[in-house]
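Descriptive analysis of the structure
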Amino acid sequence: KPKTKFTFGTDWKPALLKKAADLDIYKKLILMDANKIPWKIFQSNSINFIFSTMLYWLQDPAKVLRELNRISTEDGLVAFSAPMPDILKVTSFSFLKKYNYPLLNRLDRGRHKNWKRHAKSFAWWKKVIKKSGYKIIKYSQFQPALQIAFGESIVRTYLKAYEKIFSAKDTKTKKVLYAFKKEFNKENLCLASPFLNKTFYAKTPKTYHAFVIKKIK
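Described below are features of the structure shown in this document. This is a predicted model, so every value here is computed, not measured.

Of regular secondary structure, the protein possesses 10 helices and six strands. Structurally, the protein occupies a C-alpha span of about 55 × 45 × 35 Å along its principal axes. Buried positions account for 33% of the 217 residues belonging to the protein. Contacts in the protein between residues at least 24 apart in sequence constitute 73% of all its contacts with a sequence separation of at least 6.

Counted under the stated rule, the structure contains three salt bridges. Between Lys5 and Asp24 there is a salt bridge, with the nearest N and O atoms lying 2.8 Å from each other. Note that Lys5 is positioned in the segment before β1 (6-11) and Asp24 in the loop between α1 (14-23) and β2 (26-31), a separation of 19 residues in sequence. Lys5 sits in the partly exposed class, given a relative accessible area of 36%. Looking at Asp24, the relative accessible area reads 36%, which means it is partly exposed. The partner of Lys89 in a salt bridge is Asp86, and the shortest N-O contact between them spans 3.3 Å.

Together, Leu146, Phe150 and Leu191 give the surface a local cluster of nonpolar side chains, amounting to about 220 Å² of exposed area. Given the relative accessible area of 39%, Leu146 is considered partly exposed.

Turning our attention to the side chain of His112. Within the secondary structure layout, His112 lies in helix α5 (residues 111-118). His112 has contacts with Leu88, Thr91, Phe93 and Ser94, leaving out every residue within four places of it along the chain.

This next bit is on the environment of Lys19. With respect to the helices and strands, the residue Lys19 is situated in helix α1. Sequence-wise, Lys19 and Val78 are 59 residues apart; in three dimensions their C-alpha atoms are separated by 23 Å.

With that settled, consider the sheet that holds strand β5 (residues 134-144). Pairing is mixed across the open sheet formed by four strands, whose spatial order is β3-β4-β6-β5. Each end of this open sheet is capped by a strand with a single partner; those strands are β3 (47-52) and β5. Across this sheet, the average inter-strand angle for adjacent strands is 10 degrees, counted without regard to direction. Across seven bridges, strand β4 (residues 72-83) lies against strand β6 (residues 206-215) in antiparallel orientation. Within the sheet, the bridge partner assigned to Leu77 lies in β6 and is Lys214. Each of β4, β5 and β6 is contacted by helix α6 (residues 122-131), which is oriented at about 150 degrees to β5, the strand it contacts most.

Scoring rules and cut-offs
Residues numbered from 1 in each chain as written. Predicted model: local features only at pLDDT ≥ 70, side-chain atom pairs only at ≥ 80, totals over all residues. Heavy atoms only, no water. Helix = DSSP H or I, 4+ residues; strand = E, 2+ residues; numbered from the N terminus. Buried < 20%, exposed > 50% of the residue type's maximum accessible area, 1.4 Å probe, protein only. Contact = heavy atoms within 4.5 Å. Salt bridge = Lys/Arg side-chain N within 4 Å of Asp/Glu carboxyl O. Patch = residues over 30% accessible without salt bridge, like charges linked within 9 Å, V, L, I, M, F, W, Y side chains within 5 Å. Areas by Shrake-Rupley, 256 points an atom, 1.4 Å probe, with all protein chains shown as cover. Pairing = 2+ DSSP bridges. Axes fitted to C-alpha atoms, helices over the stretch in contact; angles between N-to-C directions.

Okay, structure coming up:
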């Protein structure tokens, strides 16, 4: 947990804001649709640092970057991540499609289609960032391809079952849920532990961009 809290946190889903509140790293949480520009709640030149993991998910990232420029202070920073085109090579959809797997859509749940829509090259982002009045001051790549494959095959396949358990009202079922969740997370942590090894991590291909950009005077 950071020593200093973020001044604002935003999302358009109440459930995600509730989860954010549990983290206790935001001074104020705001329910808003970032696609609806301008963001009247924020004054121009008022925010010195902005962090986002969903900028690429919005309808028009270029338009959103211009709005971020408006609310950023002079020399304001924006840090964000976005999927790379190579992510499409490592999805369950790409692997199983070759074998005509009959339940492909049920397993994928539209994720491959979404990634195809959002995954952009470094050159694309560089052009958009410059047009929006920013310059790149730091760039890296992360999220190994194997982590994407693990996430799709291990976690997402259980989402429907999770919904049933989480909707339970009785105390006994909830106790079983938390016991299951504890063991499930423990096993996931074990399977993900190789990625904590720097040598192993370095040699695996990456699937996400990580940008830190600065507002141009």
